[in-house]
Amino acid sequence: MTDRLEMVAVVAMAANRVIGDGDGLIWHLPADLKRVKALTMGCPLIMGRRTWDSIGRALPGRASVVMTRDESWSAEGALRASSLEEAIDLSREWISQTEGARSEIILFGGGEIYAAGMAVCSRIEATIVDLTPDGGPKAAMFPALNEAEWCREVLETVAADGDVPGYRYERLVRATPVRV
Ligand SMILES: NC(=O)c1ccc[n+]([C@@H]2O[C@H](COP(=O)([O-])OP(=O)(O)OC[C@H]3O[C@@H](n4cnc5c(N)ncnc54)[C@H](OP(=O)(O)O)[C@@H]3O)[C@@H](O)[C@H]2O)c1
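All values derive from a computational prediction rather than experimental measurement.

Thoughts on the nonpolar core
Here's step 1: The biggest cluster of nonpolar side chains holds 31 residues, and the ones touching the most others in it are Met7, Ile46, Leu107, Met118 and Ile124.
Here's step 2: At the level of secondary structure, the elements contributing two or more residues to this core comprise strand S1 (6–14), strand S4 (63–67), helix H3 (84–97), strand S6 (104–109), helix H4 (111–117) and strand S7 (123–129).
Here's step 3: It is H3 that contributes the most residues to this core, 6 residues altogether.
Here's step 4: Non-local contacts of Met118, meaning those with residues more than four positions away in its chain, are made with Ala9, Leu107, Ile124, Phe142, Pro143, Leu145, Trp150 and Arg174.
Here's step 5: Listed in part, the 14 residues of the second largest apolar core include Cys43, Leu45, Trp52 and Val66.

Here's the deal with the packing of aromatic side chains
Remark: the centre distance and the inter-plane angle together describe each pair of aromatic rings, the angle taken between the planes.
Here's step 1: Per the counting criterion, the structure on display carries 3 aromatic pairs.
Here's step 2: Its guanidinium or amino end placed over the ring of Tyr169, Arg35 lies 4.0 Å from that ring's centre, counting from NZ or CZ.

Things to note about H3
Here's step 1: With 14 residues, H3 ought to run about 20 Å at 1.5 Å a step, and its terminal C-alpha atoms sit 20 Å apart, in line with that.
Here's step 2: Inspection of H3 places Leu84, Ala87, Ile88, Leu90, Ser91, Arg92, Trp94 and Ile95 among the buried residues, and these make up the whole buried set.
Here's step 3: Contacts made by the buried residues of H3 are with S1, strand S3 (44–48), S4, strand S5 (78–81), S6 and H4.

Topic: the side chain of Arg62
Here's step 1: Along the chain, Arg62 turns up in the loop between helix H2 (49–55) and S4.
Here's step 2: No salt bridge is formed by the buried Arg62; the nearest opposite charge belongs to Asp32, separated by 12 Å.
Here's step 3: A polar contact of 2.9 Å, which involves the side chain of Arg62, links it to the backbone oxygen of Pro60.
Here's step 4: The contact partners of Arg62, leaving out residues within four places of it in the chain, are Lys37, Thr40, Met41, Gly42, Cys43, Leu45 and Trp94.

A look at helix H1 (residues 30–40)
Here's step 1: Among all positions in H1, only Asp32, Arg35, Val36, Leu39 and Thr40 are buried. Down the axis, H1 shows its buried residues gathered within 120° of arc, on one side only. Exposed residues on H1 whose side chains face more than 90 degrees from its buried face are Lys34 and Ala38.
Here's step 2: Considering only its buried residues, H1 is in contact with S1, S3, S6, S7, strand S9 (150–158) and strand S10 (167–174).
Here's step 3: Following H1 by one or two positions, Gly42 adopts a phi angle in the positive range, close to 80°.

So, the site of the ligand
Here's step 1: In the vicinity of the ligand there are 27 residues, among which Ala12, Arg49, Arg50, Thr51 and Thr68 approach most closely.
Here's step 2: The separation between a nitrogen atom of the ligand and a polar main-chain atom of Ala12 is 2.7 Å.
Here's step 3: Glu112 has a polar backbone atom sitting 3.0 Å from an oxygen atom of the ligand.
Here's step 4: For the ligand, whose accessible area on its own is 940 Å², the fraction buried by protein is 88%.
Here's step 5: For the shell around the ligand, the elements supplying multiple residues, two or more each, are S1, strand S2 (18–20), H2, S6 and H4.

Section: the sheet that holds S4
Here's step 1: Judged by pairing direction, the sheet is mixed, and its 8 strands sit side by side in the order S5-S4-S3-S6-S1-S7-S10-S9 without closing on themselves. Looking at which strands have only one partner, the edges of the open sheet turn out to be S5 and S9. On average, each strand axis in the sheet is inclined to that of its neighbour by 25°, with strand direction left out of account.
Here's step 2: The sheet contact formed by S9 and S10 spans 8 bridges and is antiparallel. Bridge pairing links Trp150 to Arg174 in S10.

The rules we used
Here the residue index of a chain counts from 1 through its sequence in written order. Note on the predicted model: pLDDT of at least 70 is required for a residue's local features to be given, and 80 or more for side-chain atom pairs to be given and counted; whole-chain, interface and lining totals, by contrast, use all residues. Processing note: side-chain calculations cover all non-hydrogen atoms of the structure and skip hydrogens and water entirely. Among the buried residues, those of types Ala, Val, Leu, Ile, Met, Phe, Trp, Tyr and Cys that are joined through side-chain atoms within 4.5 Å form a nonpolar core. Buried means the residue's accessible area, taken with a 1.4 Å probe over protein chains only, is under 20% of the maximum for its type, while exposed means over 50%, and partly exposed covers the values in between. Secondary structure counts use DSSP, requiring at least four H or I residues in a row for a helix and at least two E residues in a row for a strand, with both numbered from the N terminus. In what follows, residue pairs with any heavy atoms lying within 4.5 Å of each other are defined as contacts. Working definition: a ring pair exists when centres of Phe, Tyr or Trp rings (six-membered ring for Trp) sit within 6.5 Å. Plane angles under 30 degrees give stacked, over 60 give edge-to-face, the rest tilted. For a lysine, the NZ atom is tested; for an arginine, the CZ atom; a charge sits over a ring if that atom is within 6 Å of the ring centre and within 35 degrees of the ring normal. In this scheme, a helix's expected span is set at 1.5 Å multiplied by one less than its residue total. In this count, Lys and Arg are taken as positive residues and Asp and Glu as negative ones, while His and the chain termini are left out. For this analysis, a salt bridge means a side-chain nitrogen from Lys or Arg found within 4 Å of a carboxyl oxygen belonging to Asp or Glu. Polar contact criterion, stated in full: a pair of N or O atoms within 3.5 Å, where within protein one must be able to donate a hydrogen and the other to accept it, and residues adjacent in sequence count only if both atoms are side-chain atoms. It is the directions from the helix axis to the C-beta atoms whose arc is reported. Residues are classed as near a molecule or strand on a simple rule: at least one heavy atom within 4 Å of it. Using a 1.4 Å probe, accessible areas were evaluated by the Shrake-Rupley method; residue-level cover was limited to the displayed protein chains. Strands pair, by our definition, only if DSSP identifies at least two bridges between them. Here an axis means a line fitted to C-alpha atoms, over the contact stretch when the element is a helix, while the angle between two N-to-C directions is reported on a 0 to 180 degree scale.

Given below as structure tokens:
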């Protein structure tokens with residue numbers, strides 16, 4: 001078994017921390033989807049059942065660890081977890097049993113799952129979109145961070161282009177590292 005792993009949150013959020021309308025994303029950023037693929041390939045993804053529903057399938061080259069309180073839930077290609085601890089255990093097991101897996105667990109969202117796992121995340125790979133959407137009645141949000149706990153670095157800024165809003169990539173590293 002692998003014992004010390006890094007948990008990394010990967011998120012695209014608006015300037016007001018809205019991440020989706022509860023059923024899906026509010027924007028379409030093709031370049032960001034490619035970046036998410038590169039950041040997550042070879043890793044287990046811990047996600048909430050609603051995020052799983054919004055994607056609708058397992059993402060290739062990664063494990064989909066789906067958190068739900070419904071003990072009868074199952075879906076092809078998903079590993080069910082009834083708590084964050086179980087999700088981390090399943091992720092650890094998948095990494096130790098999968099050739100070429102990376103020693104990183106991805107906290108993949110949505111809002112409830114980011115909130116549940118933020119305390120054990122050591123890094124956040126964030127895409128900050130230059131929008132302030134309302135998100136509607138089921139809006140999901142990224143949790144507010146205590147900035148004093150994080151070192152924030154802007155990696156790249158992309159200007160708006162036609163229908164595609166501007167955005168920037170930021171990396172936040174926890175000042176006091178944590179491992180799971
Ligand atoms: N922009 C981004 O980067 C990004 C990333 C991911 C998702 N999203 C968006 O976020 C939205 C979904 O987020 P959301 O907050 O509504 O839902 P979510 O976090 O994806 O899933 C919530 C569900 O997870 C389960 N759950 C939550 N806490 C749990 C716990 N402690 N133990 C066991 N199960 C637990 C419950 O499932 P059951 O109800 O089955 O019990 C709950 O209903 C969508 O709009 C999606 O598109 C955006």
